[in-house]
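# Observations on the three-dimensional arrangement
Now for the letters of each chain:
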Amino acid sequence: MAKTKIVVIQMKELIYTAIFAGLGILLILLLVFMFFPSKKDSEKTGDSADTAKYNPGVYNSQIELGDSTLNLEVVVDADQVKSVAFINLEDSVTTMYPLVKPSLESIEKELVKGTALEEIPLSEKSKYTESLLIEGVKAALNKALVNPV
């Protein structure tokens, strides 16, 4: 005759098995999503010339401020402004117009963060100086555009 076997499974073992099986499935799903590219990623890695906003390089513009001419230099990447600075800024200009340098620094900080040129907040005490500098930056960026408007 056949011998009957009785198997006793405790509830604790069932719970542990279910938890480990769930973690295993979760790990497999995580690996699949991490290592297989999605459609959005493949679109991003497509031809970067189509999505480039600027031609990378250094672009200059001039700003008339009273009797002085300020030379503004804008360094851009393919899609972002890297830095904005004055070229050969004279001490007499900074003495006559003390808000010029701090205004340009605040504009540069916003542009490097990725803020659009039109969305840069103007401070109340140097709003006219900043708007003049923004026009100079806009003139330099128009030279850098891939598809000029």
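For the structure, check the block above.
Now for a quick tour of the structure. Everything numeric here is computed off the predicted structure, so don't read it as measured data.

What counts, and where the lines are drawn
Residues numbered from 1 in each chain as written. Predicted model: local features only at pLDDT ≥ 70, side-chain atom pairs only at ≥ 80, totals over all residues. Heavy atoms only, no water. Helix = DSSP H or I, 4+ residues; strand = E, 2+ residues; numbered from the N terminus. Buried < 20%, exposed > 50% of the residue type's maximum accessible area, 1.4 Å probe, protein only. Contact = heavy atoms within 4.5 Å. Pairing = 2+ DSSP bridges. Axes fitted to C-alpha atoms, helices over the stretch in contact; angles between N-to-C directions. Parallel < 35°, antiparallel > 145°, perpendicular 65-115°, else oblique. Left-handed = near helix turned anticlockwise from the far one by under 90°. Nonpolar A, V, L, I, M, F, W, Y, C, P; charged D, E, K, R; others polar.

### Here we look at the overall build of the protein
Check the secondary structure of the protein and you find six helices and three strands. Taking all 149 residues of the protein together, the buried fraction comes to 20%. When contacts within the protein are restricted to residue pairs at least 6 apart in sequence, long-range pairs at least 24 apart make up 51% of them.

### A short note on the sheet that holds strand β2 (residues 68–76)
Read across the sheet, three strands follow the order β1-β2-β3 without closing on themselves; strand pairing throughout is antiparallel. Edge positions in the open sheet fall to β1 (57–65) and β3 (81–87), since each of these has one partner strand only. Neighbour-to-neighbour, the strand axes of this sheet turn through a mean angle of 20°, independent of strand direction. The sheet contacts of helix α6 (residues 127–144) involve β1, β2 and β3, and relative to β1 the element is tilted by about 145°.

### Points about the packing of helix α5 (residues 100–113) against α6
Where α5 contacts α6, the axes come no closer than 9 Å and their chain directions differ by 55°. Compared by their axis directions, α5 and α6 come out oblique. At the point where α5 passes α6, the crossing takes the right-handed sense. Together, Val100, Ser103, Leu104, Ser106, Ile107 and Leu111 of α5 and Thr129, Glu130, Leu133, Ile134 and Val137 of α6 make up the contact between the two elements. Its residues assigned to classes, the contact of α5 with α6 comprises seven nonpolar, three polar and one charged.

### Focus on the pairing of β2
The pairing of β1 with β2 spans nine bridges and is antiparallel. Pairing of glycine 57 across the sheet is with valine 76, part of β2. Taking the residues that link successive antiparallel strands as the turn, the β1-β2 hairpin has two residues, and the phi of glycine 66 there is positive, at about 65°. One ladder, built from six bridges, connects β2 with β3; its direction is antiparallel. Of the residues in β3, the one forming a bridge with valine 74 is valine 84. In this structure, the hairpin formed by β2 and β3 is closed by a connection of four residues.

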